[in-house]
Amino acid sequence: MKIRITDWRCDNLRIGEGTEVFELGDPPARWSLVQMPNGLGKTSTMTLIRAVLGEEDLSVEKVRGFRANDTVESGTFELGLLIEGRGGGQAKHYRLTADFDFKAGTYRYSTLRAEERGGGHEPGLVLPSDLKHILKPEFIKLFVFDGELARDIRDLNKAAADHAIRTLYQLDDLSRLRQRIRDAVSKRQEALERTSGRTQKGVSRHQKIFDEAAGQLATLKKALAEKKSTRTKLKREQEGVRTQIEEHIARSGDLNDRRLKLSKDANDIASDIQTTTLAALIAYRNPATLSPTIRSRLTNLGTVLTKARLPKSVSSDFFDEIADEGECICGRPIGDAEREILKHRKEQYLAQDQISAIAAMKDRLNSSATSETSFSATCDTLHGKLEDRQANEKAMDRLKQEAEERGDEDMGPLTERESEINVELAALNIDIERLETADTAKQRSYQSTAKTNIPLAQKHLGECKATLDEVEASFRLSRQRDSLLDQLSRIEKKALAELREVIRTETNDRLKTLVKMEQLRVKRIDGALELESDKSSSKDDVSEGQSLSVAYAFLTALLSKAPFELPFIVDSPAVSLDLDVRKEVSKVIPTLFEQMIFFVISSEQAAFAESFYELEDTRFVTLSKTADGRIETHYGLDEFKRQSGEGIAE
Amino acid sequence: MSLRLTEDAASFFSKIDSQPIKGVRFLDIDKFYACLMLGFRYAQLASDPSLMPAFLAAGAKYPDAYQPYDSYLLGLLVEAEIRRRNLDPKNRDLIEQETVKLLDPHSPLGLSEDGIRFMNRYAAKGFEILRDAMAPPRSVDDFLVAYADLWQAKSEPDSGQPA
């Protein structure tokens, strides 16, 4: 991706009231030398370029510092960019704008993409996404060169060199990715209900709970199977005992006749009880037959409603209709006031459906006097049948006793065993119901828990499994996170180390041509550049010229490896260099970047600006202040030379 | 909102054999109804009953066995409220207001939210009376006989002016 600056425009900014436009060509010249006398806003222009590229936060004081004078209330800075995507293709123009309100001390960034369909100003910085991520204030200082950086890249406390490498090669993205992984895992783990077991210990604890629950369920199922098996055996035995008792009774003819009769009676009684219970249930469900008290209350209520002439015959719907008509049924007109009163008072009346419901209820109540069989009478019959059943059972017991008394020695043990079996079966039935009932009311009455009831044990096991799965998932997630973070961290460290070495070597190659007097080298990059020379193994103390040369060498080494071709903008690039170094620098610098913009003052002509005079793809821009304070912009070498000459003469 | 048994009532009836007669079940609404009628009889409400989940499906009407008597149940609720609150049965507007408050012709059970709340509270109080009068039943026939005795044995106290 190739990024070039085509122009910039200042409205009511530090450079002066009104509009000043700086055009570098379209496409722009490779080298632009902008000659501005001191005080015309070179530093402000550099600051503004950095601000719009990086959407920098600006203080109120800083905003007001851009103001041309006290009479202007607003201003604008606009930077024109020409961006060519990867793989070539049509370059696109972007205009980054900062609008200032000097009175309020506020600003607003926007982007104009004139070539986009429906293009217009869009808030903020709208650039290709892979470019946008590197345009951070710290990185912008590398190519919109801040003289401070020349010192910072050698300051061990500031780690500016590492920052530059990390930003350009997007190593910061790995740091951000690590944080995103941490956040994503935390968020997912927080979303889990159980947060107690993110460790191996927690997983083991929940596994143990799950195993215990599974064991408990297995124990209950085994107990149920055993009890059911015992019940089957007992029922079989009960059947056998009963057959034997019948056989023993049958040995005595008269006893057998009685037994047969009692058995037949028992069947008849059971049948009668069923029929009567059904009749009683039907009578029970009808309130009018349940009790005379209830029936009298129903009829009384019907009478009350009838006497009170309820429900009223006029419904609220009637008043609604009247209100919606223009005229009352008496012929008088209905205006807004009357309509409002009608709508309000209609609430005192029931709706038609309510009237119908109450009327239906009243009709039913008034006809509730019933000739159907009463619950009480049916239950009296039922009660009699239940007593008959009891009497029949007692008669059967007596029969067995008589058989025993007639010398049948087996009868005693048989009847005794039958009683025992009945007791055992009743107890077993309760135990089985306690174990297997899923009815919540029954579970409550048995005070069932997961340790005594199979459905509850199954539910508990399901909950334990869900917890275990969650805890295991959480733990697995923690382990995956740690592993990924570790790998990312190692990749980041290795990449930084290798990049440092590549850039150190490149920087040293460039330094060989830039600084010939004393051969300086970068010994190590560890946050900052540590220098050495032929004369000293640790070279902290360097001249201004050497400092700048090291910075240029480092930056060009760094940016030459970048996936972007960036412009390089520098303020007074040679002012602090002595003439010998200037000559060297001016030989090397033009080849370093695809686009270079130099803000120069007249004194930089010698041994620096003049080296560009013969270069074809160079644009010379000269700003001057007229006697009446106006700013004039001139393009071309002649004016550039003339101003330089004047400057030198001054 | 629907009809609900109290937790204690559900436990009380839990041992009853629900299918004593072939093809006929002793339903949850039968248990609720037993309690409700006693609550209506004495026109008394439980204060803050602890209720089980509703035994009727959401939006369901009365089960078939009770549908012929739904108007009676609504009327008995209105009647019990008139008695409990000692309302003048001759006061036409008051009786109408009370009826409208408790009934809703559009709801599946014909009851307003208030009406359902009162039904549940009457049933909860009725259960307290039932529990004091009999042991938890094990069979429907025994329960019906004991329940009939309960209605025959006791005459309700004067709990306000009858409707």
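Residues numbered from 1 in each chain as written. Chains lettered and ligands numbered in written order. Predicted model: local features only at pLDDT ≥ 70, side-chain atom pairs only at ≥ 80, totals over all residues.

S.K.: Where do I start with the packing of helix α7 (residues 171–191) of chain A against helix α18 (residues 454–514) of chain A in this structure?
M.R.: In helix packing, the relevant descriptors are the interaxial angle and the interaxial distance, both defined with respect to the helix axes. All names here are of chain A. Put simply, α7 and α18 touch, their axes get as near as 10 Å, and they point 175° apart. On the basis of their axis angle, the class for α7 and α18 is roughly antiparallel. Residues Leu171, Leu174, Leu177, Arg178, Ile181, Arg182, Val185, Arg188 and Gln189 of α7 form the contact with α18, whose participating residues are Ser474, Leu477, Ser478, Arg481, Leu484, Leu485, Leu488, Ile491, Glu492, Ala495 and Leu496. Split into classes, the residues belonging to the contact of α7 with α18 amount to 12 nonpolar, 3 polar and 5 charged. (Axes fitted to C-alpha atoms, helices over the stretch in contact; angles between N-to-C directions. Helix = DSSP H or I, 4+ residues; strand = E, 2+ residues; numbered from the N terminus. Parallel < 35°, antiparallel > 145°, perpendicular 65-115°, else oblique. Contact = placed C-beta atoms within 7 Å. Nonpolar A, V, L, I, M, F, W, Y, C, P; charged D, E, K, R; others polar.)

S.K.: Can you walk me through unusual backbone geometry in this structure?
M.R.: All names here are of chain A. In the segment running from Asp26 into Pro27, the intervening peptide bond is cis, with an omega of 0°. The residue Pro27 is located in the loop between β2 (16–23) and β3 (31–35) in this model. The backbone phi angle of Gln170 is positive, close to 60°, even though this residue is not glycine. Within the secondary structure, Gln170 is located in the loop between α6 (160–168) and α7. Although it is not a glycine, Ser572 adopts a positive phi angle of roughly 45°. Tracing the sequence through the fold places Ser572 in the loop between β11 (567–571) and α20 (579–588). Using a count of 18 C-beta atoms within 10 Å as the deciding quantity, one classes Ser572 as partly exposed. (Buried ≥ 20, exposed ≤ 12 C-beta atoms within 10 Å, placed from the backbone.)

S.K.: Honestly, the sheet that holds strand β1 (residues 2–13) of chain A in this entry has me stumped. Any pointers?
M.R.: Two orientations exist for strands paired in a sheet by backbone hydrogen bonds: parallel and antiparallel. Residue and element names in this part refer to chain A. Pairing in this open sheet of 6 strands is antiparallel, and the strands run β2-β1-β4-β5-β6-β7 from one edge to the other. Only two strands of the sheet have a single partner each, and these edge strands are β2 and β7 (121–123). Neighbour-to-neighbour, the strand axes of this sheet turn through a mean angle of 20°, independent of strand direction. The strands touched by helix α1 (residues 42–54) are β1, β4 (74–84), β5 (92–101) and β6 (106–112); relative to β5, the strand with the most contacts, the crossing angle is about 110°. (Pairing = 2+ DSSP bridges.)

S.K.: Can you walk me through the confidence of the model for chain B in this structure?
M.R.: Where the model shows low pLDDT, its predicted coordinates should not be examined in detail. All names here are of chain B. On average, residues of chain B carry a pLDDT of 87, and 91% of them reach 70 or more. pLDDT under 50 marks residues 158–163. Its contacts with residues more than four places away, or in other chains, come to 21 contacts. In the predicted complex, the global pTM is 0.55; the interface-specific ipTM is 0.94. (pLDDT = per-residue confidence, 0-100.)

S.K.: Even after reading the chapter, I still don't get the nonpolar core, so can you show me in this structure?
M.R.: Here is a general trend for soluble globular proteins: nonpolar side chains tend to be buried in one another's company. Core analysis: the biggest nonpolar cluster contains 87 residues, and Val52 and Phe554 of chain A have the highest contact counts within it. Considering every element that reaches this core, the biggest residue donor is helix α19 (residues 544–560) of chain A, with 9 residues. If we skip the residues at most four places from it in the chain, Phe554 of chain A touches Ile153, Ala161, Thr507 and Leu529 of chain A. Residues Leu290, Leu298 and Ile358 of chain A together with Trp151 of chain B belong to the second largest nonpolar core, which totals 68 residues. (Core = buried A, V, L, I, M, F, W, Y, C linked by C-beta atoms within 7 Å.)

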